[in-house]
Amino acid sequence: MPSKTPAEAQVRAAIENVKREKTNRLITIFTYQVQLLDPDFIFRMMSYTTFLMAWLIRLVDPAKRYPDQAVTLPLPQEPPKAFVMLPEYFIEDVVEFYFYLVRRNISYVMKAIWNNPDHRSALNKEVQDHMDKFVRFANLLMNDCTYLLDESLSKLTEIHKIQIEMASEEWASRPAQEKKERMKAFQTLEHQASSYITLGKSTVGLLKDFTAQAKAPFMAPEIVDRLAAMMNYNLDALAGPKCSNLKVENMEKYRFEPKQLLRDIITIYINLSDQPEFVRAVASEGRSYRKELFERAAAIATKRNLKSSTEVEQLLLFVTKVEETKLLIDAEEDLGDVPDEFL
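Residues numbered from 1 in each chain as written. Predicted model: local features only at pLDDT ≥ 70, side-chain atom pairs only at ≥ 80, totals over all residues. Heavy atoms only, no water.

**As for the overall build of the chain**
Then, in step 1: On a plain count of helices and strands, the chain comes out with 13 helices and zero strands.
Then, in step 2: When burial is assessed residue by residue, the chain has 34% of its 343 residues classed as buried.
Then, in step 3: Sequence separation of at least 24 residues holds for 76% of the intrachain contacts in the chain that already meet a minimum separation of 6. (Helix = DSSP H or I, 4+ residues; strand = E, 2+ residues; numbered from the N terminus. Buried < 20%, exposed > 50% of the residue type's maximum accessible area, 1.4 Å probe, protein only. Contact = heavy atoms within 4.5 Å.)

Printed below as a string of structure tokens:
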């Protein structure tokens, strides 16, 4: 039944959004229940999906020897008829199941491409010829990077907090049930942190490699501002006044390497320092950007030998450009809109 008024249409749309959100929440709850209550089913599902993936690859392998023998690339231009005739959900199920797990493997593939000059050249050509697809890829990569880093650092902050609690004199006097619940939360955080940090490192590494060679997709209007905000936020977390919140005991247990992460983030800034869109985006970002933050990061990079003197100088020159751009932005805002009669 069509809506009679704009207000009614908005209410109906809001109701539909709530229904979709409810469905998504139920899916999440059921997923957790299966993982907790029936781990054998999860194991069988993973085994089946792994077998299905291997079978699909063998189907397109001209030698029909996979996984006993690695597939020779590139594959023939014409796919086998048996593969073409498969129902789409065969592929969709595998992609959906491995959507999250393959992130780490993608970074290994990309590193292999980057180490081969021919592959790197071909990739750069693809970026130029299919910019819209690479903008979408850059957007997905940005989303992954933002989510994984945020989760990694927030989990480490919580671990740091609980470790301080357990080391205090007051911990021994707490009720047993309370201590049990905190320990359970602590163990959950440890598991989550390790997973997020591992995936986060590989994703940042992928972002570092891409911004070194294929910069244009990241300068798209829908991406560059979010990229600048994400970079500034994480630089603040690693080199700002709250970085001590990330100092956890047994850091290697969580695979957390703050020096390497800071090194990679600085490299990304340097990679994009010659892009006017990125300079302006960093200058416009008002939540985390501070000149002093970058100077502190440069000092840490020098002290810890994370970057060469040339690279540190490049970072500081970038900050100079950002500060100059920031002055121009402030001047533009002070002038306001130009009256029509002067246009």
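**Description of the pattern of salt bridges**
Pairing between side chains of opposite charge can happen when the charged atoms of each approach one another.
Then, in step 1: Taken as a whole, this structure holds 15 salt bridges when the rule is applied.
Then, in step 2: Across the pair lysine 215 and aspartate 274 runs a salt bridge, and its minimum N-O distance is 3.1 Å. Of this pair, lysine 215 sits in the loop between helix H8 (176-213) and helix H9 (221-239) while aspartate 274 is found in the loop between helix H10 (258-271) and helix H11 (276-284), placing the two residues 59 residues apart along the sequence.
Then, in step 3: Taking the relative accessible area as the measure of exposure, lysine 215 reaches 18% and is therefore buried.
Then, in step 4: Where lysine 307 meets glutamate 311, a salt bridge forms, and the shortest distance between an N and an O atom there is 3.7 Å.
Then, in step 5: The class for lysine 307 is buried, based on a relative accessible area of 11%.
Then, in step 6: Looking at glutamate 311, the relative accessible area reads 26%, which means it is partly exposed. (Salt bridge = Lys/Arg side-chain N within 4 Å of Asp/Glu carboxyl O.)

**Some words on helix H12 (residues 291-303)**
Then, in step 1: Here H12 spans 19 Å end to end across 13 residues, near enough to the 18 Å set by a 1.5 Å rise per residue.
Then, in step 2: If you check which residues of H12 are buried, you get Leu293, Phe294, Ala297, Ala298 and Ala301. Take H12 and look down its axis: the buried residues cluster within an arc of 140 degrees, on one side only. Facing away from the buried side of H12 by over 90 degrees, the exposed positions are Glu292 and Lys303.
Then, in step 3: At its buried positions, H12 is contacted by H9, H10, H11 and helix H13 (309-335). (Expected span 1.5 Å × (residues − 1). Arc of directions from axis to C-beta.)

**Digging into the nonpolar core**
Then, in step 1: Core analysis: the largest hydrophobic core is formed by 65 residues, its most contacted members being Leu227, Tyr269, Phe278, Val282 and Phe294.
Then, in step 2: Every element with two or more residues in this core is listed here: helix H6 (117-129), helix H7 (131-167), H8, H9, H10, H11, H12 and H13.
Then, in step 3: Among the elements that make up this core, the one with the highest residue count is H7 (11 residues).
Then, in step 4: Filtering out sequence-adjacent residues up to four positions away, leucine 227 remains in contact with Met142, Leu207, Phe218, Leu272 and Phe278.
Then, in step 5: Leu56, Leu59, Leu86 and Val94 belong to the second largest nonpolar core, which has five residues in total. (Core = buried A, V, L, I, M, F, W, Y, C linked by side-chain atoms within 4.5 Å.)

**A closer look at unusual backbone geometry**
Then, in step 1: Across the junction of tyrosine 66 and proline 67, the peptide omega takes the value 5 degrees, indicating a cis bond.
Then, in step 2: Secondary-structure assignment places proline 67 in the loop between helix H2 (39-60) and helix H3 (81-84).
Then, in step 3: With a phi close to 55 degrees, asparagine 250 is a non-glycine residue in the positive phi region.
Then, in step 4: Mapped onto the fold, asparagine 250 is located in the loop between H9 and H10.
Then, in step 5: Phi is positive for asparagine 305, close to 60 degrees, though the residue is something other than glycine.
Then, in step 6: Inspection of the secondary structure assignment puts asparagine 305 in the loop between H12 and H13.

**So, the packing of aromatic side chains**
Then, in step 1: Counted according to the given criterion, the structure contains eight aromatic pairs.
Then, in step 2: Relative to phenylalanine 318, the ring of phenylalanine 294 lies with its centre 6.2 Å away and its plane at 55 degrees, an arrangement referred to as tilted. Here the residue phenylalanine 294 occupies a position in helix H12, and phenylalanine 318 occupies one in helix H13, the gap between them amounting to 24 residues. Grouping residues by exposure puts phenylalanine 294 and phenylalanine 318 together as buried. (Phe/Tyr/Trp six-rings, centres within 6.5 Å; stacked < 30°, edge-to-face > 60°.)

**Things to note about a positive patch on the surface**
Then, in step 1: A cluster of basic residues, Lys247, Lys259, Arg296, Lys303 and Arg304, forms a positive patch at the surface.
Then, in step 2: Position of lysine 247 relative to the elements: it lies in the loop between H9 and H10.
Then, in step 3: Its relative accessible area of 57% is what places lysine 247 among the exposed residues. (Patch = residues over 30% accessible without salt bridge, like charges linked within 9 Å, V, L, I, M, F, W, Y side chains within 5 Å. Areas by Shrake-Rupley, 256 points an atom, 1.4 Å probe, with all protein chains shown as cover. Lys, Arg positive; Asp, Glu negative; His and termini not counted. Charge placed at Lys NZ, Arg CZ, Asp CG, Glu CD.)

**Notes on the side chain of serine 194**
Then, in step 1: Inspection of the secondary structure puts serine 194 in helix H8.
Then, in step 2: Classification of serine 194 by relative accessible area gives buried; the value is 13%.
Then, in step 3: Setting aside its immediate chain neighbours within four residues, serine 194 contacts Lys253, Tyr254 and Arg255.

**Let's talk about the packing of H8 against H10**
Then, in step 1: H10 packs onto H8 with a crossing angle of 25 degrees between their chain directions and a minimal axis gap of 9 Å. Taken together, the axes of H8 and H10 are roughly parallel relative to one another. Considering only the axes of H8 and H10, their crossing is left-handed. In this structure, H8 contributes Val204, Leu207, Lys208, Thr211 and Ala212 to the contact, and H10 contributes Leu261, Asp264, Thr267, Ile268 and Asn271.
Then, in step 2: Of the residues in the contact of H8 with H10, the class split is five nonpolar, three polar and two charged. (Axes fitted to C-alpha atoms, helices over the stretch in contact; angles between N-to-C directions. Parallel < 35°, antiparallel > 145°, perpendicular 65-115°, else oblique. Left-handed = near helix turned anticlockwise from the far one by under 90°. Nonpolar A, V, L, I, M, F, W, Y, C, P; charged D, E, K, R; others polar.)

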